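Per-entry structural report
Listed below, chain by chain, are the residues.
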Amino acid sequence: MKLVVVSAGLSVPSSTRLLADRLAAATDRYTSVDIQVVELRDLAVEIAHNFTSGFPGRALSAALEAVTEADGLIVVTPVFSASYSGLFKSFFDVLDQDALTGKPVLIAATGGSARHSLVLEHALRPLFAYLRAVVVPTAVYAASEDWGAEGLAERIDRAAGELGRLMEGLGSGAGAVRRADVADTAGAADKADVSVAVDTDTAAAIAPRALDGALASADRFTVIPFEQQLAALRP
């Protein structure tokens with residue numbers, strides 16, 4: 001599986017990159033992953049040009065493709081003015097709005113004071129929820145005083161474990177609709193028809209008549225037109 005790490009650190013060396021590397025290494029201990037790091041500092045000019053021209057440069061295009069094709073993401077930003085950095089937000093602004101749908105994401109941030117730790121819940125988590133990513137429960141914030149202190153290693157390990165298990169669960173296809181399956185089904189369906197993918201067992205319980213006709217299923221999922229579900233629920 002492919003894990004992409006997006007680091008928005010600006011300095012060299014960067015505590016943001018250090019946290020990103022520790023999170024990636026911890027995730028690799030839970031599930032074998034190929035790690036690719038995207039340093040936004042190196043893409044700043046191309047990101048700005050993309051806003052004015054509408055076209056990404058070669059390096060930015062490669063980074064956007066890597067994020068889109070990743071099985072999981074770790075995103076880390078420094079805290080600027082009580083929120084994520086402008087460079088961090090700009091990168092995800094130029095990313096296709098559907099690129100993160102259903103993708104596991106671990107959010108993290110660094111800052112000079114522990115008082116900014118709520119940036120994870122007030123800024124980063126809403127951003128990735130809006131992008132329809134699957135954000136792991138544990139977010140990691142590292143203030144200056146956290147490095148070398150108790151607690152940070154445990155938070156890193158817990159968050160990495162959650163990301164690793166989520167990547168494995170979604171990658172196996174068991175109990176979940178794979179993005180590729182949904183895309184294939186949507187492409188084959190009539191454009192005027194609104195359908196949803198539901199588990200076959202659930203569909204049998206809530207809409208028995210909708211299953212008549214032995215609709216095709218894949219990985220225990222059946223696509224049932226929404227109108228048929230409504231009809232099955234009517235008295």
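Now for a description of the structure that goes with this document. Small disclaimer: the values here were computed from a predicted structure and weren't measured.

Remarks on the environment of Asp 42
Tracing the backbone shows Asp 42 in the loop between β2 (34–39) and α2 (44–53). Of the residues examined, Asp 42 reaches a relative accessible area of 58% and is grouped as exposed. Taking C-alpha positions, Asp 42 is 9.6 Å from Ala 8, a pair spaced 34 residues apart along the chain.

A word on helix α3 (residues 58–69)
End to end, α3 covers 17 Å across twelve residues, agreeing with the expected 16 Å (1.5 Å per residue, within 8%). Where α3 is concerned, the buried positions are Leu 60, Ala 63, Leu 64, Ala 66 and Val 67. Buried residues of α3, viewed axially, fall in a sector of 160°; they line one side. On its buried face, α3 sits against β1 (2–7), β2, α2, β3 (72–80) and α4 (86–94).

Examining the nonpolar core
It is characteristic of soluble globular proteins that their nonpolar side chains tend to be buried jointly. Phe 88, Phe 91, Phe 92 and Phe 128 are the most contacted members of the largest nonpolar core, which totals 40 residues. Mapped onto this core, the elements with two or more residues apiece are β1, α3, β3, α4, β5 (104–111), α5 (119–130) and β7 (140–143). By residue number, the principal contributor to this core is α5, which donates six residues. The residues touching Phe 92, leaving out its near neighbours within four places in the chain, are Val 6, Val 75, Leu 100, Phe 128 and Leu 131. In this structure, Leu 19, Val 136, Ala 160 and Met 167 belong to the second largest nonpolar core, which totals 21 residues.

Some words on the packing of aromatic side chains
As enumerated under the stated definition, the model contains five aromatic pairs in all. Judged by centre distance (6.2 Å) and plane angle (70°), the ring pair of Phe 88 and Phe 128 falls under edge-to-face. With Phe 88 in helix α4 and Phe 128 in helix α5, the pair connects residues that are 40 residues apart, well separated along the chain. By relative accessible area, which is 0% here, Phe 128 ends up buried. Through successive ring pairs, a cluster of aromatic residues spans Tyr 84, Phe 88, Phe 91, Phe 92 and Phe 128.

Considering the pairing of β1
Of all the six residues making up β1, five are buried; the element is thus mostly covered by neighbouring parts of the structure. For β1 and β2, the ladder comprises six bridges, and the chain directions are parallel. Bridge assignment links Val 5 to a residue of β2, and that residue is Val 37. Remark: the β1/helix α1 (residues 15–30)/β2 crossover connection has right-handed handedness. Two elements, β1 and β3, share five bridges in a ladder whose sense is parallel. Bridge pairing in β3 places Val 5 opposite Ile 74.

Examining the side chain of Asn 50
For Asn 50, the location among the structural elements is in helix α2. Excluding residues that lie within four positions of it along the chain, Asn 50 makes contacts with Phe 55, Pro 56, Leu 60 and Val 94.

Side note on unusual backbone geometry
Residue Pro 13 is bonded to the preceding Val 12 through a cis peptide linkage, with omega at -5°. Secondary-structure assignment places Pro 13 in the loop between β1 and α1. In this structure, Arg 132 takes a positive phi of about 65° despite not being glycine. Inspection of the secondary structure assignment puts Arg 132 in the loop between α5 and β6 (134–135). Looking at Arg 132, the relative accessible area reads 42%, which means it is partly exposed.

Parameters at a glance
- Residues numbered from 1 in each chain as written.
- Predicted model: local features only at pLDDT ≥ 70, side-chain atom pairs only at ≥ 80, totals over all residues.
- Heavy atoms only, no water.
- Helix = DSSP H or I, 4+ residues; strand = E, 2+ residues; numbered from the N terminus.
- Buried < 20%, exposed > 50% of the residue type's maximum accessible area, 1.4 Å probe, protein only.
- Expected span 1.5 Å × (residues − 1).
- Arc of directions from axis to C-beta.
- Contact = heavy atoms within 4.5 Å.
- Core = buried A, V, L, I, M, F, W, Y, C linked by side-chain atoms within 4.5 Å.
- Phe/Tyr/Trp six-rings, centres within 6.5 Å; stacked < 30°, edge-to-face > 60°.
- Pairing = 2+ DSSP bridges.
- Right-handed = clockwise from strand over helix to strand, strands pointing away.

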